[in-house]
Amino acid sequence: IHVYTVPGGGAHADTRQKLVRDADGIVFVADLRPDRYNATLESLKELQNHLKSHGRSLREVLLVIQYNHRDEADENCVERLHKSIKLKPAASFEGIAPEGTGVLPCLTTISKLILADLRKRADRETSSSGADPLTRWRLEDEIDPPSQRELEVRASVAAPKPSSDPNERFVVKS
């Protein structure tokens with residue numbers, strides 16, 4: 001997983017546009033401070049435009065929203081902003097980033113969502129291609145490398161399956 005953080009502002013717009021092209025997931029940090037309300041809406045519009053320029057939309061990208069600066073806004077600000085942006089994120093968190101509040105849950109959630117999505121895609125690809133379970137394991141290993149014990153178990157499970165095709169052999173190396 002590659003995680004990038006890009007600050008707001010016009011100087012970094014090109015970088016943000018390039019990064020969203022292949023993004024599997026996005027954490028959108030919405031600023032709850034009243035004086036940043038319009039800037040937050042503009043940042044969201046920019047994100048939507050960047051995705052659109054690559055033929056994508058926020059509806060097809062895993063999205064987590066962090067409502068930042070919760071300590072500097074009134075009790076209704078999250079609801080107001082959430083209604084204004086009209087998005088259905090996979091999850092949302094309130095945060096106070098300078099204190100670290102809400103940052104780890106955002107990162108953990110988007111990471112889990114992306115890994116689950118990658119696993120689903122790998123399962124679809126292996127089931128549609130008729131690949132054997134060993135191939136599926138190899139795809140999973142790219143996501144979550146197996147322990148030595150898992151390799152030993154896989155080798156013992158795979159051993160009884162004889163094959164005349166040398167490409168179907170499963171070799172365990174320590």
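One can find the structure itself at the top, above this paragraph.
Residues numbered from 1 in each chain as written. Predicted model: local features only at pLDDT ≥ 70, side-chain atom pairs only at ≥ 80, totals over all residues. Heavy atoms only, no water.

### Here we look at the sheet that holds strand S1 (residues 25–31)
Here's step 1: Read across the sheet, 3 strands follow the order S1-S2-S3 without closing on themselves; strand pairing throughout is parallel. Strands at the two margins of the open sheet, each flanked by one partner only, are S1 and strand S3 (91–94). Averaged over all pairs of adjacent strands, the angle between their axes in this sheet comes to 20°, without regard to strand direction.
Here's step 2: As paired strands, strand S2 (residues 62–68) and S3 are joined by 4 bridges and run parallel to one another. Within S3, the position partnered with Ile65 by the bridge is Ser92. (Pairing = 2+ DSSP bridges. Helix = DSSP H or I, 4+ residues; strand = E, 2+ residues; numbered from the N terminus. Axes fitted to C-alpha atoms, helices over the stretch in contact; angles between N-to-C directions.)

### Comments concerning the environment of Leu63
Here's step 1: Mapped onto the fold, Leu63 is located in strand S2.
Here's step 2: Residue classification places Leu63 among the buried positions, given a relative accessible area of 5%.
Here's step 3: It is 9.1 Å that separates the C-alpha atoms of Leu63 and Leu113, two residues lying 50 residues apart in sequence.
Here's step 4: With sequence-adjacent residues up to four places away left out, Leu63 is seen in contact with Ile26, Phe28, Leu58, Leu87, Pro89, Ala90, Ala91 and Ile110. (Buried < 20%, exposed > 50% of the residue type's maximum accessible area, 1.4 Å probe, protein only. Contact = heavy atoms within 4.5 Å.)

### A word on helix H3 (residues 77–85)
Here's step 1: Among the residues of H3, those classed as buried are Cys77, Val78, Leu81 and Ile85. Projected onto a plane normal to the axis of H3, the buried residues spread over an arc of 95° and lie on a single side.
Here's step 2: Where H3 is buried, its residues meet S1, helix H2 (37–53), S2 and S3.
Here's step 3: Just past H3, the residue Lys86 takes up positive phi, approximately 50°. (Arc of directions from axis to C-beta.)

### Details of the side chain of Arg70
Here's step 1: Following the sequence through the fold, Arg70 ends up in the loop between S2 and H3.
Here's step 2: Discounting chain neighbours no more than four positions away, the residues touching Arg70 are Leu32, Glu75, Cys77, Val78, Glu94, Gly95 and Ile96.

### What to know about the packing of H2 against H3
Here's step 1: As a packed pair, H2 and H3 sit with axes 11 Å apart at the nearest point and diverge in direction by 35°. Where H2 crosses over H3, the two elements pack in a sense that is right-handed. Together, Tyr37, Thr40, Leu41 and Leu44 of H2 and Arg80, Leu81, Ser84 and Ile85 of H3 make up the contact between the two elements.
Here's step 2: Taken together, the residues that form the contact of H2 with H3 break down as 5 nonpolar, 2 polar and 1 charged. (Left-handed = near helix turned anticlockwise from the far one by under 90°. Nonpolar A, V, L, I, M, F, W, Y, C, P; charged D, E, K, R; others polar.)

### Points about a negative patch on the surface
Here's step 1: Residues Asp35, Asp71, Glu72 and Glu99 make up a contiguous surface patch of negative charge.
Here's step 2: If you trace the backbone, Asp35 turns up in the loop between S1 and H2.
Here's step 3: The class for Asp35 is exposed, based on a relative accessible area of 66%. (Patch = residues over 30% accessible without salt bridge, like charges linked within 9 Å, V, L, I, M, F, W, Y side chains within 5 Å. Areas by Shrake-Rupley, 256 points an atom, 1.4 Å probe, with all protein chains shown as cover. Salt bridge = Lys/Arg side-chain N within 4 Å of Asp/Glu carboxyl O. Lys, Arg positive; Asp, Glu negative; His and termini not counted. Charge placed at Lys NZ, Arg CZ, Asp CG, Glu CD.)

### Section: the pattern of salt bridges
Here's step 1: Applying the stated criterion across every chain, the model contains 10 salt bridges.
Here's step 2: Put simply, Arg121 and Asp24 hold a salt bridge, and the shortest N to O gap is 3.1 Å. Pair noted here: Arg121 is in helix H4 (residues 103–129) and Asp24 is in the loop between helix H1 (13–20) and S1, with a separation of 97 residues, a long-range link.
Here's step 3: By relative accessible area, Arg121 is classed as partly exposed at 29%.
Here's step 4: Within the structure, one salt-bridge network assembled from shared partners comprises Asp24, Asp117 and Arg121.

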